[in-house]
Amino acid sequence: MRNLSVLVSGAGIAGPALAYWLHRYGCTVTVVERAAAPRPGGQAVDFKGRTHRTVLERMGVWEEIQAHRTGASDVVFVDEHGTRRAVMSGDFTGGDVEILRGDLAEILYRRSAGSCEYVFGDSITGLTETADGVHATFEHGPARTFDLVFGADGMHSRVRRLAFGPERDFVRHLGHYYCVAGASPWSDSATPRERATAYGYNAPGRLAISGGSKAQQLYLFAAPELEYARDDVDAQRRIVAERYAGLGWEVPRMLAELAEFDDVYLDSMGQVRMDRYSAGRVTLVGDAAYGNTLGGFGTGLAVVGAYVIAGELALADGDHTAAFARYDEIMRRYAKIAGNSNAGRFLAPTTAFGIRLRNWFLESRLFSLMTKYGDNAANDIELRDYAALLAAR
Ligand SMILES: Cc1cc2nc3c(=O)[nH]c(=O)nc-3n(C[C@H](O)[C@H](O)[C@H](O)COP(=O)(O)OP(=O)(O)OC[C@H]3O[C@@H](n4cnc5c(N)ncnc54)[C@H](O)[C@@H]3O)c2cc1C
């Protein structure tokens, strides 16, 4: 492909994956990330099925991901006395391979860091498209012009806001928030973590999970949209403490521990709905384009989306209009799975009856069928072997 200069916003999962592929096809890549370094934190995320695996193998990171896998825990739902009420199998929550999100972000970053320019601690402030490029301004660095700009900056994407419009037009708040804490101490381990059991306790509109392979703590609670600064960890701890005040079971112990954890990540659960992923020379990848928090295969979609857009661009020899149209067509179909889940409602029902019903469902055969649907949807794409197609030319 002819050499293009590209800017990627966000060094989470989609950003570094995209940077890797774009460089491999001959682009000069700059990644700008708001945080000061690749961000640790987040619970374990999972990959499922041959599509995810094929992409990760083609990137050369599959073995390393295996080496850092956490194993998948069952979640045993208990009542306030600790009596078992239902079990959600680790095979459902953990996919084929589960890895802490922070470890995955680090692996993908290292895969591309040697060949791409990474600018940490900065963010795009403005994008102006001209006939032959996109002029980008930054909070700190000097303005620069690129051939193409990719928004891989997550659910609350700034690129999406600048190129498409305000967040409220594209992100539906699903009525719940989640908070993950205490996931990083395991990330130094190069050996798979022992499969352990996680325990979950529900009160109406709230779920607290303690232990297991995903993170030491996971809170999930119903709430309307909350005002808080995303980088204010104290505010996030306070929000959780207020929502869980007065609950029994192990919750008081969990809240005391939460006060000591540094890696606390709170976010709303949302669903992104876009009519198109591209506007001129700007396109969105990962959560920015088709995110659906928890259970929407967000991480798998991010790596597959990065693979597809870079491959299509290479096949079209840098013709972004043709490539973005193909990307839109392929990912719109594949990302459908993200539109169908609302994990908050399922995991933290808002009534006592809803909790009982959910527990009954988990123990029924219907639940196994749902798991199977997820398996099929993760593979519902005809993945092209772009490197082979390019080599055959
Ligand atoms: C710290 C963290 C913890 C997470 N924890 C979980 C979790 O526990 N469970 C779960 O299901 N999902 C979690 N997610 C979301 C999950 O990573 C994504 O759903 C999925 O992996 C898709 O990745 P993505 O790269 O599209 O988005 P993300 O992983 O969200 O990455 C987006 C990146 O863009 C950066 N960014 C944001 N705004 C700007 C800006 N204006 N300028 C420059 N950079 C910007 C962010 O700092 C981040 O590094 C978490 C995300 C983050 C950032």
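Criteria and thresholds
Residues numbered from 1 in each chain as written. Predicted model: local features only at pLDDT ≥ 70, side-chain atom pairs only at ≥ 80, totals over all residues. Heavy atoms only, no water. Buried < 20%, exposed > 50% of the residue type's maximum accessible area, 1.4 Å probe, protein only. Helix = DSSP H or I, 4+ residues; strand = E, 2+ residues; numbered from the N terminus. Arc of directions from axis to C-beta. Contact = heavy atoms within 4.5 Å. Core = buried A, V, L, I, M, F, W, Y, C linked by side-chain atoms within 4.5 Å. Patch = residues over 30% accessible without salt bridge, like charges linked within 9 Å, V, L, I, M, F, W, Y side chains within 5 Å. Areas by Shrake-Rupley, 256 points an atom, 1.4 Å probe, with all protein chains shown as cover. Salt bridge = Lys/Arg side-chain N within 4 Å of Asp/Glu carboxyl O. Near = heavy atom within 4 Å. Polar contact = N/O pair within 3.5 Å; in protein donor to acceptor, adjacent residues only side chain to side chain. Nonpolar A, V, L, I, M, F, W, Y, C, P; charged D, E, K, R; others polar. Pairing = 2+ DSSP bridges.

## Considerations on helix α8 (residues 251-258)
Logical step 1: Among all positions in α8, only V251, M254, L255 and L258 are buried. Each buried residue of α8 sits inside an arc of 100 degrees when the element is viewed along its axis, so together they form one side.
Logical step 2: Contacts made by the buried residues of α8 are with β12 (171-181), β13 (198-203), β14 (206-210), β15 (217-222), α7 (233-244) and β16 (264-272).

## Considerations on the nonpolar core
Grouped burial of nonpolar side chains is what soluble globular proteins tend to show.
Logical step 1: One finds L22 and F150 to be the most contacted residues of the largest nonpolar core, which totals 81 residues.
Logical step 2: In terms of residues, this core owes the most to one element, helix α10 (residues 298-315), which gives twelve residues.
Logical step 3: The contacts of F150, once residues within four sequence positions are left out, are V6, L7, V8, S9, L18, L22, T283, V285, I309, L313 and F324.
Logical step 4: Of all hydrophobic cores here, the second largest spans 25 residues; its members include Y228, L247, M254 and F261.

## Focus on the environment of V285
Logical step 1: The topology assignment puts V285 in the loop between β18 (282-284) and α9 (287-290).
Logical step 2: The spatial distance from the C-alpha of V285 to the C-alpha of E80 is 42 Å, given a sequence separation of 205 residues.
Logical step 3: Not counting chain neighbours up to four residues away, the residues in contact with V285 comprise A14, L18, F150, G151, A152, Y290, A302, G305, A306, I309 and Y327.

## A word on a nonpolar patch on the surface
Logical step 1: Where nonpolar side chains cluster on the molecular surface, the patch consists of F353, L357, W360, L366 and L369 and spans about 570 Å² of accessible area.
Logical step 2: Broken down by secondary-structure element, the contributors of at least two residues to the nonpolar patch are α13 (352-362) and α14 (365-378).
Logical step 3: Considering each element in turn, the nonpolar patch owes the most residues, three residues, to α13.
Logical step 4: We classify W360 as exposed; its relative accessible area is 53%.

## Focus on the site of the ligand
Logical step 1: What surrounds the ligand is a group of 30 residues, the closest being A14, E33, Q43, R101 and D287.
Logical step 2: Here an oxygen atom of the ligand and a side-chain polar atom of R101 are 2.7 Å apart.
Logical step 3: With respect to the ligand, the side chain of T299 contributes an N or O atom lying 3.1 Å from an oxygen atom.
Logical step 4: About the coverage of the ligand: the protein hides 94% of its 910 Å² of free accessible area.
Logical step 5: Of all the elements in the fold, those that place two or more residues in the shell around the ligand are β2 (28-33), β12 and α10.
Logical step 6: Ranked by residue count, the leading element in the shell around the ligand is α10, at three residues.
Logical step 7: Class assignment for the residues of the shell around the ligand results in eleven nonpolar, eleven polar and eight charged.

## So, the sheet that holds β18
Logical step 1: Strand order in the open sheet formed by six strands is β7-β2-β1-β11-β18-β17, with mixed pairing between adjacent strands. If you trace the sheet from one side to the other, it starts and ends with β7 (117-120) and β17 (278-279), each paired once.
Logical step 2: Across three bridges, the pairing between strand β11 (residues 148-151) and β18 is parallel. Residue pairing in the sheet places G151 in a bridge with L284 of β18.

## Examining the side chain of S112
Logical step 1: Position of S112 relative to the elements: it lies in helix α5 (residues 101-113).
Logical step 2: Those residues in contact with S112, other than ones at most four positions away along the chain, are P16, A19, Y20 and Y118.

## Let's talk about the pattern of salt bridges
Logical step 1: One pass over the full model with this rule turns up 18 salt bridges.
Logical step 2: Close ionic contact of R58 with D385 constitutes a salt bridge, the shortest N to O distance being 3.8 Å. Residue R58 is located in helix α2 (residues 49-59), and its partner D385 is located in the loop between α14 and α15 (386-391); the two are separated by 327 residues in the primary sequence.
Logical step 3: Note on D385: relative accessible area 33%, which makes it partly exposed.
Logical step 4: Each member of the salt-bridge network shares a partner with another, and the members are E312, R326, E329 and R384.

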